[in-house]
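# Notes for the structure review
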Amino acid sequence: MEKGVIESKILSGWRSIFRKCVFRVLRVGPIPSHIAIIMDGNRRYAKTKKVDKGAGYEAGTLALLYMLVCCYELGVKHLTVYAFSIDNFKRKPEEVQKVMDLVRESIPLLTRMVKRCPMRVHFAGNLQLLGADIRIPAERLMESTADNSKFVFTICVAYNSTDEILHAVRESCREKCDHIQEISGIDASNGLQGKNGDIHQGDQDLIKLEDIEKHMYMGIAPDPDILIRTAGEYRLSNFLLWQTSCSRLSSSFTLWPKFGIWHLAWVVLDFQRNHPYFGKKKKAAVDLANGSYFSSSPPSKS
């Protein structure tokens, strides 16, 4: 993808003015803080256009960059996309290589876009599964944009929820074990032991919810308000299973490369229509996680 293509199809003047007019109307209602997207339909798009799969993925990448600008201008705080699953490594080598090439080519494009739309770019997943030609530039981009807080763009690559949860549990256990050993050494030196010679730390030994969540690949972002999946599919496909218990699920029959501003506007309008209900559900989930759901005494019987 050339720089001129991005500027003409995404950042051109009249398109920007049109988007701002549409978004001004949408901002009358509540705007979702976090939108997550499963970008499905690239290969089917290529088949309908009678082109190779690589061209379908290129069209999907262009649609992603356009949606990135749309969410930024709308006032969304977090955008998360499912770019490449760990399971996708099982696909044909040439197809995997094409996607990896697009990820690598997208990094300098994102670097240029950051100069115009200040944002934090985060790559979530098991990045050790990626080649050094992708992992190192991705890490540099994450480091250079880490201080930007207005908008956070998360690309889930070499990712699935099973691996994320396993990673978080392992890191939490390792951190807790290191902490216990450190405290045990201090207390033992001070002669603080239990009746059987054991050192008791009480609740400090327990792994809590916040211990798990801070080690999640997605620990930098709140739970999504909306999860969009294109191409008429209704599966979560092992994506953000931990984070989407209270998210609004939106399935669009539109193939991802054709997903545009009007599709996004419809999703946001649907979110605004159901916002009171989902707001209560999310608040109840937060209260339950914080242990305050049952803190109030039940009403007395009259």
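Just so we're clear, the structure is a prediction, and the values are computed from it rather than from any experiment.

What follows is about the overall build of the protein. For the protein, the helix and strand inventory stands at ten helices and six strands. Per-residue burial over the protein gives 46% buried out of 302 residues. Total accessible area on the protein stands at roughly 16,700 Å², and carbon and sulfur atoms take up 55% of it.

Here the focus is the environment of I228. With respect to the element layout, I228 can be found in strand β5 (residues 226-229). When the C-alpha positions of I228 and M39 are compared, they lie 8.2 Å apart, and in sequence the two are 189 residues distant. When neighbours within four sequence positions are excluded, I228 is seen to be in contact with I35, A36, I37, I38, S250, F259 and V267.

Any two aromatic rings considered together are summarised by their centre-to-centre distance and by the angle between their planes. Taken as a whole, this structure holds eight aromatic pairs when the rule is applied. For the pair Y82 and Y159, a centre-to-centre distance of 5.9 Å together with 90 degrees between the ring planes defines the contact as edge-to-face. Residue Y82 is located in strand β2 (residues 78-85), and its partner Y159 is located in strand β4 (residues 152-159); the two are separated by 77 residues in the primary sequence. Neither residue differs from the other here; Y82 and Y159 are each classed as buried. Their ring planes at 80 degrees and their centres at 5.9 Å tell us that Y159 and F239 sit as a pair that is edge-to-face. In this pair, Y159 is assigned in strand β4 and F239 in the loop between β5 and β6 (248-251), connecting sequence segments 80 residues apart. What makes Y159 buried here is its relative accessible area of 0%. Among the aromatic residues, those joined into a cluster by ring pairs are Y82, Y159, Y217 and F239.

What follows concerns the nonpolar core. Counting residues in each nonpolar core, the largest one holds 57 residues, and the members touching the most others are I35, I37, L79, F123 and F153. Counting residues per element, this core draws most heavily on helix α4 (residues 53-74), at twelve residues. Formed by twelve residues, the second largest nonpolar core is a distinct cluster that contains Y82, C156, A221 and L240.

As a further point, take the confidence of the model for the protein. Parts of the prediction with low pLDDT should not have their coordinates interpreted in detail. Summing up the model confidence of the protein, the mean pLDDT is 87 and the portion of residues at 70 or higher is 79%. The low-confidence segment residues 293-302 (pLDDT under 50) makes four contacts with residues lying over four places distant or belonging to another chain.

Time to look at the side chain of E164. Note on placement: E164 falls in helix α7 (residues 161-189). Summary of buried charges: E164 has no salt-bridge partner, and the nearest side chain of opposite charge, R120, is 13 Å away. For E164, the side chain forms a polar contact with the main-chain nitrogen of Y217, separated by 3.2 Å. Once you skip the residues sitting within four places of it in the chain, E164 turns out to touch Y159, M216, Y217, M218 and Q243.

Moving on: the pairing of strand β3 (residues 120-124). The buried fraction of β3 amounts to four of the five residues, a majority that puts the element mostly inside the structure. The pairing of β3 with β4 spans five bridges and is parallel. Residue A124 lies in a different strand from β4, and its bridge partner there is C156. The parallel pair β3 and β4 is bridged by helix α6 (residues 132-144), and the resulting crossover is left-handed.

Here we come to the environment of L110. Its location among the elements puts L110 in helix α5 (residues 93-116). Residue class for L110 comes out buried when judged on its relative accessible area of 2%. Separated by 31 residues in sequence, L110 and L141 have C-alpha atoms that sit 8.6 Å apart. If we ignore the near neighbours within four places in the chain, the residues touching L110 are L65, L68, V121, L141, F153 and I155.

About the thresholds
- Residues numbered from 1 in each chain as written.
- Predicted model: local features only at pLDDT ≥ 70, side-chain atom pairs only at ≥ 80, totals over all residues.
- Heavy atoms only, no water.
- Helix = DSSP H or I, 4+ residues; strand = E, 2+ residues; numbered from the N terminus.
- Buried < 20%, exposed > 50% of the residue type's maximum accessible area, 1.4 Å probe, protein only.
- Areas by Shrake-Rupley, 256 points an atom, 1.4 Å probe, with all protein chains shown as cover.
- Contact = heavy atoms within 4.5 Å.
- Phe/Tyr/Trp six-rings, centres within 6.5 Å; stacked < 30°, edge-to-face > 60°.
- Core = buried A, V, L, I, M, F, W, Y, C linked by side-chain atoms within 4.5 Å.
- pLDDT = per-residue confidence, 0-100.
- Lys, Arg positive; Asp, Glu negative; His and termini not counted.
- Salt bridge = Lys/Arg side-chain N within 4 Å of Asp/Glu carboxyl O.
- Polar contact = N/O pair within 3.5 Å; in protein donor to acceptor, adjacent residues only side chain to side chain.
- Pairing = 2+ DSSP bridges.
- Right-handed = clockwise from strand over helix to strand, strands pointing away.

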